[in-house]
Amino acid sequence: MATEHASGGPSSSQDSAEPPDTVLSEIGRALFHLRRIWIKPDLMKKIRAQTSGGPGGRPLQYSNLMVVHAVAALSAAAEDPGCPTTEVTVGAVAERLEIDPSTASRLVGHAIDAGLVSRRPSPVDARRANLGLTEAGHRVRQVAERSRRAYLAGLMADWTPEERAEFARLLTRFAEAAVQTPAQLEGIEKIFREAGAD
């Protein structure tokens, strides 16, 4: 039996839902606006202007940049004495980018064709390839990092050093939590199911 409100009408599922948390709503909106911040065409244009293209003048793609950053991070980690492996493989790139191995293989192949990543046989397992950045790859990474830092510095020009440090701490904490508990795809289906959408 439906619960009656003072107005005399039955309550809806929307009425019975918990009141929205305005802070969480603000965070959600902010993250939605940030979803494409690093793949705007302007960033790639700046990187292309400051670096030489790949063989045949092939233009750089955002996926090239993703692979470059992944290989750079994995190479740095491999130099750590505590790291269990000293190799950077396609499988490691797939894990780093959280994509399937076949997609990683294709993206790594594109980065190699663009002259940004080198591939040599693994001394540990001849069936695997050990990846590294070429000189052009290092340049692309440096330009991308410089552009990103300049952009962030401009956005936070009127922030105090303490505000920057606190934001960095909280954002890092948030990102680490998101990595540990990623959003589930079935959540999208649940949204439409509960909304009664076809």
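Our subject is the structure listed above.
Predicted model only: the values in this text are computed from it and were never measured.

Chemist: How would you explain the pairing of strand β2 (residues 129-133) if you had to name every residue and give the values?
Modeler: β2 sits mainly inside the fold: 5 of its 5 residues count as buried. Residues Ala 129, Leu 131 and Leu 133 line one face of β2 and the alternating positions Asn 130 and Gly 132 line the opposite face, and both faces are buried. Pairing between strand β1 (residues 117-121) and β2: 5 bridges, direction antiparallel. Bridging across to β2, Val 117 finds its partner in Leu 133.

Chemist: Explain the nonpolar core to me, and be specific about the residues and the numbers.
Modeler: Membership of the largest hydrophobic core comes to 24 residues, with the highest contact counts inside it found for Val 67, Val 71, Val 93, Leu 116, Val 117 and Leu 131. Taken together, the elements giving at least two residues each to this core come down to α4 (62-78), α5 (90-97), α6 (101-113), β2 and α7 (135-155). Of the residues forming this core, the biggest block, 7 residues, is contributed by α4. Each residue touching Val 67, except ones within four places of it in the same chain, is listed here: Leu 97, Leu 107, Val 108, Ala 111 and Val 117.

Chemist: Could you give an account of the packing of aromatic side chains, with specific residues and numbers?
Modeler: The geometry of an aromatic ring pair comes down to the distance between the two centres and the angle between the two planes. All told, the structure shown has 1 aromatic pair when counted by the stated rule. Aromatic side chains Trp 159 and Phe 167 sit 5.3 Å apart centroid to centroid with 80° between the ring planes, which places their arrangement in the edge-to-face category. Judged by its relative accessible area of 38%, Phe 167 is partly exposed.

Chemist: Let's hear about a nonpolar patch on the surface: which residues, and what values?
Modeler: A grouping of Val 23, Leu 24, Ile 27, Leu 31, Leu 34, Trp 159, Phe 167, Leu 171 and Phe 174 is seen on the molecular surface, where their side chains present a nonpolar patch of about 800 Å² in accessible area. Among the elements of the structure, α2 (22-34) and α8 (161-180) are those that each provide at least two residues to the nonpolar patch. Along the chain, Leu 31 falls in helix α2.

Chemist: How would you sum up α6? Please name residues and give values.
Modeler: The end-to-end C-alpha distance of α6, which contains 13 residues, comes to 18 Å, matching closely the 18 Å that a straight helix rising 1.5 Å per residue would cover. Among all positions of α6, only Thr 103, Ala 104, Leu 107, Val 108, Gly 109 and Ala 111 are buried. Where α6 is buried, its residues touch α4, α5, β1 and β2. Trailing α6 by a residue or two, Gly 115 shows a phi angle of about 80°, which is positive.

Each value, and the rule that gives it
Residues numbered from 1 in each chain as written. Predicted model: local features only at pLDDT ≥ 70, side-chain atom pairs only at ≥ 80, totals over all residues. Heavy atoms only, no water. Buried < 20%, exposed > 50% of the residue type's maximum accessible area, 1.4 Å probe, protein only. Helix = DSSP H or I, 4+ residues; strand = E, 2+ residues; numbered from the N terminus. Pairing = 2+ DSSP bridges. Core = buried A, V, L, I, M, F, W, Y, C linked by side-chain atoms within 4.5 Å. Contact = heavy atoms within 4.5 Å. Phe/Tyr/Trp six-rings, centres within 6.5 Å; stacked < 30°, edge-to-face > 60°. Patch = residues over 30% accessible without salt bridge, like charges linked within 9 Å, V, L, I, M, F, W, Y side chains within 5 Å. Areas by Shrake-Rupley, 256 points an atom, 1.4 Å probe, with all protein chains shown as cover. Salt bridge = Lys/Arg side-chain N within 4 Å of Asp/Glu carboxyl O. Expected span 1.5 Å × (residues − 1).

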